[in-house]
Each structure stands twice: as C-alpha cells, then as structure tokens.
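Next come the chains, spelled out residue by residue.
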Amino acid sequence: MALKFIKGRLKGMKYSFQGGIHLLKTEASIQVQFGIFVLVTIAGFFFKISNYEWIAQFLCVGLVMTAEGLNTAIEGVADFIHPDYHEKIGRIKDVAAGAVGIAALVSVIVAGIIYLPKIF
Ligand SMILES: Nc1ncnc2c1ncn2[C@@H]1O[C@H](COP(=O)(O)OP(=O)(O)OP(=O)(O)O)[C@@H](O)[C@H]1O
C-alpha cells in the first residue's frame with residue numbers, strides 16, 4: 001500500500017520533471033525567463049543580497065515561470081479544443097497571459113526594491 005503510494009508519487013515527479021524540460025526546450029518565453037533567472041542570480045552574488053532578498057528573488061522567478069507554464073498549458077488546451085478563431089478563446093488566452101503579466105509586474109517591483117538602493 002505505502003510502496004504503491006510512493007511509486008505513484010515518484011511517477012508524478014517524473015512527469016512534472018518531463019513537463020518542465022519540455023517547457024524549457026520549446027517555449028521561447030520560458031527560455032527568456034530562465035535567462036533572467038541566471039542573470040538575477042549572478043546579480044544577487046554580485047550585490048551580496050541578504051537571505052530574505054534571495055528568498056524574495058527566488059519566489060518571484062518561480063512565480064513568473066509557474067504562471068508562464070500554466071499559461072502555456074491553457075493555450076495548449078484552448079488550441080486543442082478550439083483551433084479556430086473564437087472570441088471566448090481569445091478572452092481565455094488574454095486572461096491567462098494577464099496572470100503572467102501580473103507576476104512579471106510584481107517581480108519587477110521586487111527587483112527594484114532589492115537592487116535600486118544598491119545601484120544608486
Ligand atoms: N483561437 C483564437 N481565437 C481568438 N483569439 C485568439 C485565438 N488565438 C489567439 N488569440 C488572440 O491572440 C493572442 C495571442 O495568442 P497566442 O496563442 O498566439 O499566444 P502567444 O501569447 O503568442 O503565445 P505563444 O507565443 O506561446 O504562442 C491571445 O491572447 C488572443 O487575444
């Protein structure tokens with residue numbers, strides 16, 4: 001029983017890992033965000049940011065990439081169930097993209113709070 005449960009969870013982890021790799025290989029926006037993650041990590045070491053600033057930074061990067069992954073999944077489902085033009089599909093995609101936009105805006109604000117005082 002417990003072994004079956006553990007095997008199921010490990011399988012789930014394998015699928016989520018495969019999904020993440022697929023996103024990184026195929027989605028230009030995730031690749032850009034991964035590049036930003038690398039850059040801000042370098043900046044974090046350069047400016048010697050505090051533990052709490054590292055936490056805020058990792059949470060922001062994670063938030064944006066999670067939102068982007070979900071946005072990609074929603075776009076994929078929308079295109080699969082309705083490949084043709086439809087006003088509602090357009091609205092659904094806009095809302096999903098809007099969620100990424102909110103995450104990105106919050107992240108830019110957090111980055112400003114962390115880095116602007118260190119630069120100026
Ligand atoms: N089937 C559709 N019906 C109506 N409007 C659509 C449809 N597909 C896309 N759109 C409109 O075009 C916008 C961009 O959609 P698209 O699927 O090209 O996403 P994208 O942001 O370019 O993502 P990606 O670059 O990952 O393909 C949507 O937000 C929506 O406004």
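Residues numbered from 1 in each chain as written. Predicted model: local features only at pLDDT ≥ 70, side-chain atom pairs only at ≥ 80, totals over all residues. Heavy atoms only, no water.

**Comments concerning the packing of aromatic side chains**
Each pair of aromatic rings is reported with the distance of its centres and the angle of its planes. Inspection of the entire model under this criterion finds 6 aromatic pairs. Ring geometry for Phe 37 against Phe 58: centres 6.1 Å apart, planes inclined by 50 degrees, an arrangement best described as tilted. Of this pair, Phe 37 sits in helix α2 (residues 28-46) while Phe 58 is found in helix α3 (residues 51-81), placing the two residues 21 residues apart along the sequence. Taking relative accessible area as the criterion, Phe 37 reaches 23% and is therefore assigned partly exposed. (Phe/Tyr/Trp six-rings, centres within 6.5 Å; stacked < 30°, edge-to-face > 60°. Helix = DSSP H or I, 4+ residues; strand = E, 2+ residues; numbered from the N terminus. Buried < 20%, exposed > 50% of the residue type's maximum accessible area, 1.4 Å probe, protein only.)

**Considerations on the packing of α2 against α3**
At a minimum axis separation of 10 Å, α2 and α3 run at an interaxial angle of 175 degrees. Accordingly, the angle class assigned to the pair α2 and α3 is roughly antiparallel. Every residue of α3 that contacts α2 at Ser 29, Ile 30, Gln 33, Phe 34, Phe 37, Val 40, Thr 41, Gly 44 and Phe 45 is listed here: Trp 54, Gln 57, Phe 58, Val 61, Val 64, Met 65, Glu 68 and Gly 69. Class assignment of the residues belonging to the contact of α2 with α3 gives a composition of 10 nonpolar, 6 polar and 1 charged. (Axes fitted to C-alpha atoms, helices over the stretch in contact; angles between N-to-C directions. Parallel < 35°, antiparallel > 145°, perpendicular 65-115°, else oblique. Contact = heavy atoms within 4.5 Å. Nonpolar A, V, L, I, M, F, W, Y, C, P; charged D, E, K, R; others polar.)

**As for the UniProt feature "active site" (unreviewed entry) in the chain**
On the UniProt side, "active site" (unreviewed entry) is annotated at positions that read Glu 68 here. Along the chain, Glu 68 falls in helix α3. On the basis of relative accessibility, which here comes to 8%, the residue Glu 68 falls in the buried class. Setting aside anything within four residues of it in sequence, one finds Glu 68 in contact with Ser 29, Ile 30, Gln 33 and Val 100. (UniProt positions renumbered as here; feature names shortened; annotations may be inferred.)

**With respect to the packing of α3 against helix α4 (residues 87-119)**
Interhelical geometry of α3 versus α4 gives an angle of 165 degrees and a closest axis separation of 9 Å. If you check the angle between α3 and α4, you find them roughly antiparallel. Like other packed secondary-structure pairs, α3 and α4 cross with a definite hand, here left-handed. Its residues placed into classes, the contact of α3 with α4 shows 18 nonpolar, 3 polar and 6 charged. (Left-handed = near helix turned anticlockwise from the far one by under 90°.)

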